[in-house]
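Each chain, letter by letter, is given below.
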Amino acid sequence: MNLRIGHGVDIHRLEAGRKCVIGGVEIESPVGPVAHSDGDVLVHALMDAILGAQGEPDIGVKFPNNDNKYSGASSILLLELVWKEALKRGYVLVNADMSVVCEVPKINPSSAAMKENLARVLNVASDRIGLKATTAEKLGSLGRGEGIFASATVLLEKKD
Ligand SMILES: [Zn+2]
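Summarised in this report is the structure supplied together with it. Counting starts from 1 at the beginning of each chain's written sequence and moves along it residue by residue. Per-residue local features are limited, in this predicted model, to residues with pLDDT of at least 70; the limit for side-chain atom pairs, both in listing and counting, is 80 or more; totals at the level of whole chains, interfaces and linings are taken over all residues. Remark: hydrogens and water are excluded; side-chain values derive from all non-hydrogen atoms of the structure.

## Comments concerning the sheet that holds strand β7 (residues 147–158)
The strand order across the open sheet formed by 5 strands is β4-β1-β7-β5-β6, and the pairing between neighbours is mixed. With one partner strand each, in any of the chains shown, β4 (31–33) and β6 (129–134) form the two edges of the open sheet. Strand-to-strand twist across the sheet, computed as the mean angle between neighbouring axes with direction ignored, equals 20 degrees. DSSP calls a pair of strands paired once it identifies at least 2 bridges connecting them. Secondary structure elements follow DSSP: runs of H or I of four or more residues count as helices, runs of E of two or more count as strands, with numbering from the N terminus. Where strand β1 (residues 3–16) meets β7, 11 bridges bridge the pair, whose relative direction is antiparallel. From the neighbouring strand, Leu3 faces β7, where its bridge partner is Glu157. Axis lines are fitted through C-alpha atoms, for helices just across the contact stretch, and the angle between N-to-C directions can take any value from 0 to 180 degrees.

Okay, here's the thing in structure tokens:
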């Protein structure tokens, strides 16, 4: 089997009054990520894991901050682009496992919807998508609710 592992992380500052989209799900939240795109921290980490598994440059190179085309962009649509390219190269997803760390918002009430979203885009059953959420135990800037962090690991298999 031609297996490739990939890993990605992402972090965004959180500010009051901003829209909060995580895993393609808009969450009712007093704070949201500061970002050029919709700031979907989970999808950003996942895209970097998928790109990393293929030895491709990261999303900062692929979708530059200074390109107005990506201003306010839906990260789920960017994930669709990234995944379409991976499929073209012959990759399928074996599984993905992800973690989100933040004090606010609460992730768990929306995690099933996030998993469904990601599974749909990546053409797999949702049991191939792992998603956990935890807090930073009030430690440091994440613990003060100033930001949100996500980490993703993927296993791809190249079919040829
Ligand atoms: Zn990001």
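Right, picking up where we left off after that structure.
## Focus: the pairing of β1
Where β1 meets β4, 3 bridges bridge the pair, whose relative direction is antiparallel. The residue of β4 that forms the bridge with Glu15 is Gly32.

## Looking at helix α4 (residues 111–121)
Helical geometry note: an α-helix holds 3.6 residues per turn, so side chains three or four residues apart project in the same direction. All buried positions along α4 are accounted for by Ser111, Met114, Asn117, Leu118, Ala119 and Val121. Two residues qualify as a contact provided that any one of their heavy atoms is within 4.5 Å of a heavy atom in the partner residue. The inward-facing, buried residues of α4 abut β2 (21–22), β3 (25–26), α1 (41–53), α3 (75–88), β5 (91–101) and β6. Positioned one or two residues after α4, Asn123 has a phi angle of 60 degrees, which is positive. For every residue, the accessible area (1.4 Å probe, protein chains only) is compared with the maximum for its type, and the residue is labelled buried under 20%, exposed over 50%, or partly exposed between those bounds.

## Quick word on the side chain of Asp48
Relative to the elements of secondary structure, Asp48 occurs in helix α1. Here Asp48 is in contact with His7, Gly8, Val9, Asp58 and Ile59, once residues within four sequence places are set aside.

## Comments concerning the coordination of the zinc ion
In this analysis a donor is any N, O or S atom within 2.8 Å of a metal ion (3.2 Å for sodium, potassium and calcium), and since water is not included, sites may seem incomplete. Protein-derived ligands of the zinc ion are Asp10 (OD), His12 (NE2) and His44 (ND1), with the metal-ligand distances lying across 2.0 Å. Counting the intervening residues between successive donors of the zinc ion yields the motif D-x1-H-x31-H. Here Asp10, found in strand β1, pairs with His44, found in helix α1; they are 34 residues apart in sequence, far enough to count as distant. Judged on exposure class, the residue Asp10 and its partner His44 are both buried.

## What to know about the pairing of β5
A regular strand places its side chains on the two faces of the sheet in alternate fashion. Where β5 lies against β7, 10 bridges are found, and the strand directions are antiparallel. In the strand pairing of β7, Asp97 is matched with Thr153. Pairing geometry for β5 and β6, over 6 bridges, is parallel. Across the sheet, the residue bridging to Met98 is Leu131, located in β6. With strands facing away from the observer, any crossover in which the path from the first strand over the helix to the second runs clockwise is taken as right-handed. Crossover connection from β5 via α4 to parallel β6: handedness right-handed.

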